[in-house]
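# Structural description and commentary
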Amino acid sequence: MSKPKFKNPVVKWIDYRLPIFTFMDHELNHYPTPKNLNYFWNFGSLAGIALITMIVTGIVLSMNYTAHVDHAFDSVERIMRDVNHGWLIRYIHMNASSFFFIVVFVHIFRGLYYGSYKAPRELLWILGVLILLLMMATAFMGYVLPWGQMSFWGATVITNLFSAIPVVGESIVTWLWGGFSVDNSTLNRFFSLHFVLPFVIVGVVILHLVALHRFGSNNPIGIDVKGSQDTLPFNPYYTIKDLFGLGIFLTLLAAAVFFFPNFMGHPDNYIEANPMVTPAHIVPDWYFLPFYAILRAIPDKLGGVLFMFGSIAVLFVLPWLDRSPVRSSQFRPIFKIFFWVLVFDCFLLGYLGAMPAEGIYVILSRVATAYYFFHFLILFPLLPYIEKTKPLPISISQPVLSGAATAAASATREKK
Amino acid sequence: MSKNSNLKSKEDEGKRDFLIVSTYALAGVGAAAFVWPLIDQMNPAADTLALASTEIDLSSLEEGQSITVKWRGKPVFVRYRTKEEIKQANEVSLDEMRDPQLDTDRVTNEKYIVLVGVCTHLGCVPLGQKTGDVKGQYGGWFCPCHGSHYDNSGRIRKGPAPTNLAVPSYKFLSETLIRIG
């Protein structure tokens, strides 16, 4: 990579002493990116923008919020009614959190489909799973802050998960609460953590990006970049592609904010928290539903908690569970089918998490949970021994430039 | 962008430049529209503005007494001045003052002087409302922070403060009931 030539003398002066412009030019402008990326590669930058949206609106909301059991609910109502544009800012914060999860889930399934977690991108993937965990913690604590019925009972149920830990469980829950139930101390610490964790996420995102830029993006056919003929400079080719995706993302977000802002929320959370009465049917936010379904599928307190956390823990070790050297599902005919089964399974778990825990729903939850773990713990390690993968093209340029050349190339490869 | 060989003519270049400039302009307007609510939320909210006026009942106030009332988070001083004090306030020569103003321009009913009790120097609350308080050399109010002396019309006479104590906008609803704000 040649040194960029800056014309502006001020930029030159600064860059000589602090090479920030060279760095930006290198990572955002010339950054060589595989030329065959499809729109599923938009979701990383979308997640970044969603995170920034959450932080900006969140800081503004915190200027008007009171973290006290007597005032929290009223202060949120005051934001909705009295604070200038408060309704807009809060609805953006609420809906962008859902959109953040949608974007991140697509981003994760993109990684699963195209094998983006495989060597040499294992740490990149692990950092991503860490971001997901931090997001879940942050989202959960954020949901508690409005101090509605769902906030209160969600906080009670989720913190009680830790009581399943043998021997020290009860002490841990008391420690988490800072008392003998979810109360003012709990609300205060949740506010503090909800404020600070997003900045921890920003830190992990930076590591995620450093790891990404070490080897560059994976691509739809999952083979390594062979040279500059396989890449395009990030700017303007992918900046413009990302911006187009961003336009669609913001349109959908605006539609949600302005036309159905409470669609993804729960009406019970507009009733102030009452420690004496549990709502008849309590559910977490939609993005937790699949995990919630797994929790309820296991007929044992500790077992349910372990399986729920296990469903994320398996993602951490996924790079070593998958034994196949081929990254992209495009060349793995059996894996590809199972990939869609997994997608369906996750949607099914999400649906079951929203249903009452009785009758057929419990049985279906168990089947879906069993499949989830089968997919990760048995299918991933064993499938490569049975599956016959399709021949890989020799380079990214080959299948793009001519189909015949690809066939010829793979034929030669097979002869060898 | 002008060196792009795919562009056929000057006219195409012009079209492209127009598209780029108009895209940036629209994006700028969009960004500004998003940023404005984030800034404006720090302005007083509707409930704060609703508290912008306060009514004060003066019927229990006797000659020579003062009361302090909270208005918009700040103290408002009301003093029922004695005849002597009123006379003093009217006789003093304007040449002695830093911020010359007639007493009659500062009151609606000359018995009651109504002031925002915030020193115009750096915002402390001057003494002089309570019976035991130091009232300064001019028998009005004295700011303990940096030593500003105000007379019984709230006019700055000595010390660092640049202007007289502010007179809020108020109205007599009856003989002894006023509304501030």
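We now turn to the structure provided with this report. Not measured: the values here are computed from a predicted model.

### Concerning empty space enclosed by the protein
All names here are of chain A. Summed over the entire model, instances satisfying the criterion amount to two cavities of 30 Å³ or more. Considering only enclosed or pocket space, the largest cavity measures out at about 50 Å³ in volume. Surrounding the largest cavity, Ala293, Arg296, Ala297, Leu352, Met355, Pro356, Ala357, Tyr361, Val362 and Ser365 form its lining. Secondary-structure elements contributing two or more residues to the lining of the largest cavity are helix H11 (289–297) and helix H15 (360–386). In this structure, the second largest cavity spans a volume of roughly 30 Å³. Contributing to the lining of the second largest cavity are Phe73, Val76, Glu77, Arg90, Pro146, Asn269 and Tyr270. Ranked by the residues each element gives to the lining of the second largest cavity, the list is headed by helix H4 (residues 72–81), at three residues. For the lining of the second largest cavity, the per-class residue count stands at four nonpolar, one polar and two charged.

### Here we look at helix H10 (residues 234–259) of chain A
Between its terminal C-alpha atoms H10(A) stretches 35 Å, which fits the 38 Å expected from 26 residues at 1.5 Å a residue. Taken residue by residue, H10(A) has Phe234(A), Tyr238(A), Lys241(A), Asp242(A), Gly245(A), Leu246(A), Phe249(A), Leu253(A), Ala256(A) and Val257(A) as its buried positions.

### A look at the packing of H11(A) against helix H14 (residues 333–354) of chain A
All names here are of chain A. Where H11 contacts H14, the axes come no closer than 7 Å and their chain directions differ by 70°. The pairing of H11 with H14 is recorded here as roughly perpendicular in orientation. Between H11, through Leu289, Pro290, Tyr292, Ala293, Ile294 and Arg296, and H14, the contact on the second element is made entirely by Cys346, Leu349, Gly350, Leu352, Gly353 and Ala354. Residues belonging to the contact of H11 with H14 are distributed by class as follows: nine nonpolar, two polar and one charged.

Conventions and cut-offs
Residues numbered from 1 in each chain as written. Chains lettered and ligands numbered in written order. Predicted model: local features only at pLDDT ≥ 70, side-chain atom pairs only at ≥ 80, totals over all residues. Heavy atoms only, no water. 1 Å grid on protein atoms, 1.4 Å probe; cavity = no way out; pocket = protein on both sides within 12 Å on 5 of 7 lines; lining within 4 Å. Points joined across faces, edges and corners; volume = space filled by probe spheres on them. Helix = DSSP H or I, 4+ residues; strand = E, 2+ residues; numbered from the N terminus. Nonpolar A, V, L, I, M, F, W, Y, C, P; charged D, E, K, R; others polar. Expected span 1.5 Å × (residues − 1). Buried < 20%, exposed > 50% of the residue type's maximum accessible area, 1.4 Å probe, protein only. Axes fitted to C-alpha atoms, helices over the stretch in contact; angles between N-to-C directions. Parallel < 35°, antiparallel > 145°, perpendicular 65-115°, else oblique. Contact = heavy atoms within 4.5 Å.

Function cannot be inferred from these measures alone, as they are strictly geometric.
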